[in-house]
Amino acid sequence: MMVLIFAETQKGKFKKAAYELAYYGYQTAQALGTECAALVLGTAEGAEELGKYGASKVYHVTDTALDTFDSQAYTKVIAAAAEKAGANVVIVGHTSTGKSLLGRLAVRMNAGSVPAVNAIPTVEGGTFKVRKPVFSGKAFADYEVKSENKVLSLMGNSLQPQEVGEPASVEALDVEVPAAQVTVKEVKRMEGRTPLPEAELVVSAGRGMKGPENWGIIEELAETMGATTACSRPVADADWRPHHEHVGQTGVAIRPNLYFAIGISGAIQHLAGVNSSKTIVVINKDPEAPFFKAADYGVVGDLFDVVPRLNEAMKKF
Ligand code: FAD
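Positions within a chain are numbered from 1, following the residues in the order the chain's sequence is written. Totals for whole chains, interfaces and linings use every residue, but because this is a predicted model, local features are given only for residues with pLDDT of at least 70 and side-chain atom pairs only at 80 or more, for both listing and counting. Calculated side-chain values reflect all of the structure's heavy atoms, with hydrogen atoms and water omitted.

An unreviewed UniProt entry lists the chain under the name Electron transfer flavoprotein subunit alpha, with Phaeodactylibacter xiamenensis given as the organism.

Undergrad: Teacher, can you tell me more about the site of the ligand here?
TA: Nearness is defined per residue: one heavy atom within 4 Å of the molecule or strand is enough. Neighbouring residues of the ligand: 26 residues in total, closest Arg-207, Ser-232, Thr-250, Ser-265 and Asn-284. Within the backbone of Val-247, an N or O atom sits 2.9 Å from a nitrogen atom of the ligand. Leu-303 has a polar backbone atom sitting 2.9 Å from a nitrogen atom of the ligand. In short, Shrake-Rupley with a 1.4 Å probe defines the accessible areas, and a residue's cover is counted only from the protein chains shown. Burial of the ligand by the protein amounts to 77% of the accessible area it has alone, namely 990 Å². Here a helix means four or more residues in a row that DSSP labels H or I, a strand means two or more in a row labelled E, and each is numbered from the N terminus. For the shell around the ligand, the secondary-structure elements that each account for two or more residues are helix H5 (233-237), helix H6 (268-274) and helix H8 (303-315). Residues were grouped as follows: Ala, Val, Leu, Ile, Met, Phe, Trp, Tyr, Cys and Pro as nonpolar; Asp, Glu, Lys and Arg as charged; and all remaining residues, including Gly, as polar. Its residues assigned to classes, the shell around the ligand comprises six nonpolar, 14 polar and six charged. For this analysis, a polar contact is any N or O atom pair within 3.5 Å, provided that within protein one partner can donate a hydrogen and the other can accept it, and provided that sequence-adjacent residues contribute only side-chain to side-chain pairs.

Undergrad: Explain the side chain of Ser-232 here, please?
TA: In this fold, Ser-232 is placed in the loop between strand S14 (228-231) and H5. Under the scheme applied here, a residue whose accessible area is under 20% of the maximum for its type counts as buried, over 50% as exposed, and between as partly exposed, the area being computed with a 1.4 Å probe on protein chains only. A relative accessible area of 6% means that Ser-232 is categorised as buried. Apart from residues lying up to four places away in sequence, Ser-232 is in contact with Ala-205, Gly-206, Arg-207, Ile-264 and His-270. Should any heavy atoms of two residues lie within 4.5 Å, those residues are counted as being in contact.

Undergrad: Help me understand the sheet that holds strand S16 (residues 279-284) in this model?
TA: What holds strands together in a sheet is hydrogen bonding between their backbones, with the strands either parallel or antiparallel. The parallel open sheet is built from five strands, whose spatial order is S14-S13-S15-S16-S17. Looking along the sheet, the strands with just one partner apiece sit at the ends: S14 and strand S17 (297-300). Going across the sheet, the axis of each strand differs from the next one's by a mean of 15°, ignoring polarity. Lines fitted to the C-alpha atoms define the axes, with helices restricted to the stretch that makes contact. Angles between their N-to-C directions range from 0 to 180 degrees. The strands touched by helix H4 (residues 216-225) are strand S13 (201-205), S14 and strand S15 (258-262); relative to S13, the strand with the most contacts, the crossing angle is about 175°. For two strands to count as paired, DSSP must find a minimum of two bridges between them.

Undergrad: I would appreciate a short explanation of the UniProt feature "binding site: FAD" (unreviewed entry) in the chain in the present structure.
TA: Under the feature "binding site: FAD" (unreviewed entry), the UniProt entry names Arg-207, Ser-232, Arg-233, Gly-263, Ile-264, Ser-265, Gly-266, Ala-267, Ile-268, Gln-269, His-270 and Asn-284. For Ser-265, the location among the structural elements is in the loop between S15 and H6. Among the residues examined, Ser-265 registers a relative accessible area of 43% and is labelled partly exposed. The contact partners of Ser-265, leaving out residues within four places of it in the chain, are Asn-284, Ala-289, Pro-290 and Phe-291. Setting aside its immediate chain neighbours within four residues, Gln-269 contacts Ser-136, Gly-248 and Gln-249. UniProt positions are given in the numbering used here, feature names are shortened, and annotations may be inferred rather than shown by experiment.

Undergrad: Please explain the side chain of Ser-158 as it appears in this structure.
TA: Of note, Ser-158 is situated in the loop between strand S11 (150-154) and strand S12 (169-172). Excluding residues that lie within four positions of it along the chain, Ser-158 makes contacts with Glu-20, Val-117, Asn-118 and Arg-255.

Right under this line is the structure:
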């Protein structure tokens with residue numbers, strides 16, 4: 001028995017999520033009394049660093065067919081790698097890549113699967129149990145996985161990765177790589193600020209902004225702070241802002257050090273994705289806005305007055 005995490009890369013580099021996954025895999029392995037290994041597809045800088053976060057070994061499979069993501073090919077390679085490594089628990093990130101792998105891996109490995117977990121599994125009376133949030137984080141559900149093979153996806157920003165070991169040895173794994181079924185013609189990458197799942201500072205705004213033409217003050221504040229911008233779902237649905245900025249239950253889950261919520265009411269579906277932020281600052285003209293209950297600091301006022309003044313004050317630091 002062994003735990004295998006699939007460490008995603010971007011442009012040959014690991015994202016913060018890969019270290020979190022390694023640490024989660026390590027904690028899971030500890031609960032099962034076994035070890036955690038990591039699997040990297042394609043070449044990646046600093047793969048041995050995953051060892052510091054708990055992967056005792058890093059396997060890599062390199063083949064040009066794996067240069068672009070193809071969920072069918074990746075599924076076959078991950079399942080084959082798990083078998084070769086003797087792993088019966090496979091953990092992927094709950095990212096768009098991980099979500100498209102989870103179901104396929106479960107079928108291929110004849111495994112029970114639990115998506116979007118955020119707690120370390122336990123073994124009670126020989127039964128593997130894992131907890132995940134339900135009802136927008138208002139409750140938890142405990143799952144028992146009784147199949148021999150198990151596949152989990154870890155909700156991003158569920159735990160803070162800690163260094164627990166030394167750099168790991170990196171070993172090439174010889175598994176068959178199927179020909180890609182998909183041809184990727186073009187990849188357009190987002191340039192600029194830190195991606196939301198990894199951002200430490202986030203300035204987010206909602207329908208209180210009245211329209212997309214008013215976002216200049218949010219952009220300016222974010223620029224001054226070096227923060228990433230985010231928004232509530234109706235704002236993205238109305239095309240005021242791009243969909244990748246939408247945070248919450250159906251959007252990106254974040255865990256920044258500082259989250260500014262400006263003109264956002266604080267519906268539970270929004271809070272589900274942001275309430276792990278270390279410090280929450282709410283600016284809303286309605287003193288009864290539900291977001292104030294989740295806030296560390298609150299400003300009751302008109303955002304069109306407060307935000308420019310806040311920006312001027314921030315520039316002095
Ligand atoms: P509103 O609710 O309209 O709130 C606007 C706020 O701005 C109000 O509090 C108002 O007092 C304030 N305001 C207005 N003018 C000013 C001003 N001049 N100065 C200061 N404050 C002002 N929502 C998400 O965000 N993320 C999700 O992932 C998500 N998933 C959902 C999933 C489901 C299944 C469902 C049913 C809903 C989901 N929603 C989600 C929608 C959610 O329920 C709320 O409708 C949404 O979050 C509200 O967005 P808002 O706060 O921007 O708008």
